[in-house]
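Listed below, chain by chain, are the residues.
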Amino acid sequence: MITIRRWTAAALVLMSLGAALTMSSQAVAAASTGSTITQDDLHALAGDDFDAKAQAIDHLAADGSAQATALLKALADDTAVTVGDSLAIQKDDKYLDPITGAPVKGDDAGSLTLNNVLRAKVATAAAAGALLSPDHDARAHAIDTMLQNPSPAFKTLIEQARQKETDAVLRKRLDQLWAQSALHDADPNKRKEAIDLIAAAGDPQMRDLLLPIIARQADGTFAEPDATVRSAADIALTQLAAAQRRSEFFGTVFAGLSLGSVLLLAALGLAITYGLIGVINMAHGEFLMIGAYATYAVQTLFQRFLPGAFDFYLVAAVPSAFVVAAAVGFVLERTVIKHLYGRPLETLLTTFGISLLLIQAVRTLFGAQNVEVINPSWMSGGIAVLPNLMLPYNRIVILVFALVVVALTWSVLNLTRLGLFIRAVTQNRSMAACVGVKTGRVDSYAFAFGAGIAGLGGCALSQIGNVGPDLGQSYIIDSFMAVVLGGVGQLAGTIVGAFGLGIANKLLEPVWGAVLAKIAVLILIVLFIQKRPQGMFALKGRSAEA
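A quick note: this is a predicted structure, and the numbers were derived from the prediction, not measured.

*Asks:* Now, about helix α14 (residues 344-366): what can you tell me, with residues and values included?
*Replies:* The terminal C-alpha atoms of α14 lie 32 Å apart, and with 23 residues this matches the ideal 33 Å at 1.5 Å per residue to within 8%. Buried within α14 are the following residues: T347, T351, I354, S355, L358, I359 and V362. For α14, the elements touching its buried residues are α12 (284-305) and α13 (313-335). Phi turns positive one or two residues past the end of α14, at G367, with a value near 95°.

Written as structure tokens, this is what we have:
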């Protein structure tokens, strides 16, 4: 009996020595690298207490050692697993101790549970180590990540990065990152400096960080005890509110110009056909749809046969959209519409029926579901003109494209023989026929040209939304309003009318909503036409006197 007790005691002593040696080896390994990670940190991360996990992550972030950085990266990459009541890093088919790096048994390895808050904290902590990286892109990515979830725990590290940063753009963003972490500094001078930096950046989204500074607590006292800091926060909030109003105004104007550019492309061809032939073409919106589907077809061909040149598919899609829409327009004018001149009611009903036929034909060919047209890489993203105002590249390209189409249309109408005939027929059809102009052929060419321009509009529309059979129905009424408002047959009037309608809609939408804004614009146009029936730009020539 005594012998058994001695063996038991000896075993306990050996186990204690083994544990002590293990802990000693871990301590030596940690001390050799300056790490302060303990088994308690690993146990907390492997446990179920999320508050304890958050504290352990903060400890890792403050540690800064190679072990802490590797463990944070493993947490971010989901390669950290639980092994018993501790933690291990999975590398291929091996499991390594985070402190010593020695292999451990992973027979009972399990997944580690982190909520979204902890994942954001891990991402910020993992990025913090790259603030001092020699790689510019790595530093930029670290700053972007930390700005999404700023933490005062990294203030010292951010200060070091600010002192060493040589890139002016990154230094400015580091200033903002430091300001967010220094708002709760014990030194009131640093708090005021942080507020001044936030105000100088002019980002209205930072207002929420400053509001608690001027707020009162339940007992009536201010949360911020220093009056100078509160005064700086008041001034900063006023400046940020003004910046918010500026950003909203410029954003609304740009949205109006963007909408106006789409309306312009839709109304430009309508202005030519309506002004020349007098046809109320309710199928004009379907030319937009045809141009959009032509763009989709070209995109599909490039994806299948020329994937390496996909970024240039729009170079082929633009002329394709014009040609296909113009061809459909030419066939419709020759077969149907030319027989209805001088009968506006029959023309309206017939073209409405044609629009339904075209929609159903597209549904049969491409299906009833919307199809996706992908932007080329050079049209993805945007440019930040203000801290909270991003102008998308695709919208900018469409705006420029609309102006280029206007310039080409003006050139065709004013510098070519076809344009001379179109203007002659528009001003006085009978006299043009008397001098040998084949007015019927001019009508066909003009209608095809107008349909082709609408096809270009569809190509542009495909870059800002999905393409569906009902695409053109959303723009036909607004297109007619732009033509009538600007003046029938007047290119300049169509430009002013389209951009005017776009900006007016976007200015009224924040006040009254989209539906009431459109109603208000329609009422204003009706009142304007009652006062000036010829529109903003009156038609010149004998036809204007008729």
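Next comes the rest of the write-up.
*Asks:* Tell me what's going on with the pairing of strand β6 (residues 389-392), and back it up with residues and numbers.
*Replies:* Here β6 shows a buried face lined by L389 and L391 and an unburied face lined by M390 and P392. For strand β5 (residues 382-386) and β6, the ladder comprises 4 bridges, and the chain directions are antiparallel. Pairing of A384 across the sheet is with M390, part of β6.

*Asks:* Can you lay out the environment of L71 for me, pointing to particular residues and giving the numbers?
*Replies:* Along the chain, L71 turns up in helix α4 (residues 66-77). Assessed through its relative accessible area of 0%, L71 is described here as buried. In contact with L71, other than residues within four places in its own chain, are L42, L45, L60, L87, I89 and P98.

*Asks:* Pulling in residues and values, what's your account of the side chain of S247?
*Replies:* Here S247 shows up in helix α11 (residues 227-277). For S247, a relative accessible area of 6% translates into the label buried. Among residues more than four places away in sequence, those in contact with S247 are L386, N388 and L389.

*Asks:* Summarise the environment of D93; cite the residues concerned and give the values.
*Replies:* Examined against the element boundaries, D93 turns out to sit in the loop between β2 (86-91) and β3 (94-96). Taking the C-alpha atoms as reference, D93 lies 66 Å from G269; in sequence the two are 176 residues apart.

Thresholds, definitions, all that
Residues numbered from 1 in each chain as written. Predicted model: local features only at pLDDT ≥ 70, side-chain atom pairs only at ≥ 80, totals over all residues. Heavy atoms only, no water. Helix = DSSP H or I, 4+ residues; strand = E, 2+ residues; numbered from the N terminus. Expected span 1.5 Å × (residues − 1). Buried < 20%, exposed > 50% of the residue type's maximum accessible area, 1.4 Å probe, protein only. Contact = heavy atoms within 4.5 Å. Pairing = 2+ DSSP bridges.

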